[in-house]
Amino acid sequence: MKTVDEMIDDILVREGGYVDHPEDRGGPTKFGITQSTLSRYYGRAVTSAEVQALSVEVAREIYERNYYTAPSLNSLPDLIQPFLFDSAVNHGPRRAIRFLQSVCNQARYTPRLSEDGAVGPNTRRAANWAEREMGNVLLKALIEERRNFYRVIVQARPSQSVFLKGWMNRVNEFEKELA
């Protein structure tokens, strides 16, 4: 099992440094932390220069608090935590959790989960059930769910196709860990 610090290390490598791509709907980012996320953290509007000056220590704190602990990813099976954590950073915690809820529903977990993006007792039970019943296939199914989500993004917004290869490479890292 990876520690939260190891998972954050991996995310920081994937996210890289400061970026302000004109097609990126998140605007200026550093270490994957967007201007709006940093503004919420500080409780005020921040400038792109403040994003550019973001320290790795603050980024780590934001990741752990907002994308791991607050959405209760730490209460889910170890097997899927790194993937869901990375998904939460890339898509937001609610979307990451909806990936899990959708996969559990597709695997015919009963009672069917509400795909609300929240980790409650039913989602925890379903995740533990899916890990027991599916093993590594659970992670493979989550990977496919996320790949399909990327394709839907590009289909709906063709300008985002510039990011598709990088997004797919990011997901492929998790598949390589299964091999």
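Model, not experiment: these values are computed from the prediction.

Student: Explain the side chain of Glu15 to me, please; I cannot follow it from the model alone.
Tutor: Position of Glu15 among the secondary structure elements: in helix 1 (residues 4-15). A polar contact is formed between the side chain of Glu15 and the side chain of Arg170, at a distance of 2.8 Å. Here Glu15 is in contact with Phe31, Gly32, Tyr63, Val89, Asn90 and Arg170, once residues within four sequence places are set aside.

Student: So what exactly am I meant to see when it comes to the packing of aromatic side chains here?
Tutor: Aromatic ring pairs are described here by two measures, namely the spacing of the ring centres and the angle between the planes. Counted under the stated rule, the structure contains eight aromatic pairs. Geometrically, the ring pair formed by Tyr63 and Tyr67 is edge-to-face, given 6.0 Å between the ring centres and 65° between the ring planes. One end of the pair, Tyr63, and the other, Tyr67, are both in helix 4 (residues 56-69), four residues apart, so they sit about a helical turn from each other. Here Tyr63 matches Tyr67 in class, with each residue buried. An aromatic cluster of three or more residues is present, and its members are Tyr150, Phe163 and Trp167. A cation over an aromatic ring shows up here: Arg44 above the ring of Tyr42, its NZ or CZ 5.3 Å from the ring centre.

Student: When you look at the side chain of His91 in this model, what are you seeing that I'm missing?
Tutor: Along the polypeptide, His91 turns up in helix 5 (residues 81-91). The exposure class assigned to His91 is buried, which follows from its relative accessible area of 19%. A distance of 3.4 Å separates the side chain of His91 from the side chain of Tyr150, its partner in a polar contact. Setting aside its immediate chain neighbours within four residues, His91 contacts Phe99, Arg146, Phe149 and Tyr150.

Quick notes on the rules
- Residues numbered from 1 in each chain as written.
- Predicted model: local features only at pLDDT ≥ 70, side-chain atom pairs only at ≥ 80, totals over all residues.
- Heavy atoms only, no water.
- Helix = DSSP H or I, 4+ residues; strand = E, 2+ residues; numbered from the N terminus.
- Polar contact = N/O pair within 3.5 Å; in protein donor to acceptor, adjacent residues only side chain to side chain.
- Contact = heavy atoms within 4.5 Å.
- Phe/Tyr/Trp six-rings, centres within 6.5 Å; stacked < 30°, edge-to-face > 60°.
- Buried < 20%, exposed > 50% of the residue type's maximum accessible area, 1.4 Å probe, protein only.
- Lys NZ or Arg CZ within 6 Å of the ring centre and 35° of its normal.

All we've got here are geometric facts, nothing functional implied.
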